[in-house]
Amino acid sequence: MTDLSILDAAKALRAGTTTSVALTEAALARIAVTDPKVNAFITVTPERARADAVRADAERAAGKDFGPLHGVP
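Attention in this report is confined to the structure presented alongside it. (Residues numbered from 1 in each chain as written. Predicted model: local features only at pLDDT ≥ 70, side-chain atom pairs only at ≥ 80, totals over all residues. Heavy atoms only, no water.)

1. Quick word on helix α3 (residues 46-61)
Taking 1.5 Å of rise per residue, the 16 residues of α3 would be expected to cover 22 Å, and the 22 Å separating its terminal C-alpha atoms lies within 8% of that figure. Buried residues of α3: Ala53, Ala56, Asp57 and Glu59, and no others. Viewed end-on, α3 has its buried residues packed into an arc of 160°, placing them on one side of the element. Exposed residues pointing more than 90 degrees away from the buried face of α3 are listed as Glu47, Arg48 and Ala61. (Helix = DSSP H or I, 4+ residues; strand = E, 2+ residues; numbered from the N terminus. Expected span 1.5 Å × (residues − 1). Buried < 20%, exposed > 50% of the residue type's maximum accessible area, 1.4 Å probe, protein only. Arc of directions from axis to C-beta.)

2. A short note on the nonpolar core
In this structure, Ala9, Ala10, Leu13, Leu23 and Val72 together form the largest nonpolar core, which totals five residues. If one sorts the elements of this core by residue count, helix α1 (residues 6-15) sits on top with three residues. Other than its neighbours up to four places away in sequence, Ala9 contacts Leu4, Leu23 and Val72. (Core = buried A, V, L, I, M, F, W, Y, C linked by side-chain atoms within 4.5 Å. Contact = heavy atoms within 4.5 Å.)

If you want it as structure tokens, here you go:
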């Protein structure tokens, strides 16, 4: 999933073919693999990212839409 553009990730969320949780887990896994080599992140907060993803999925399921990137990590 980390090969998706932001636009494709947003479209997949809206189509229901993925979740914010799945996108977030993929992003966190990619960070874990690549960041030791590139040192691109100062702080990674996986617990917060996961909680935000769960909340975004629940909001979307409840019909709340906060814009085209809602739920994209």
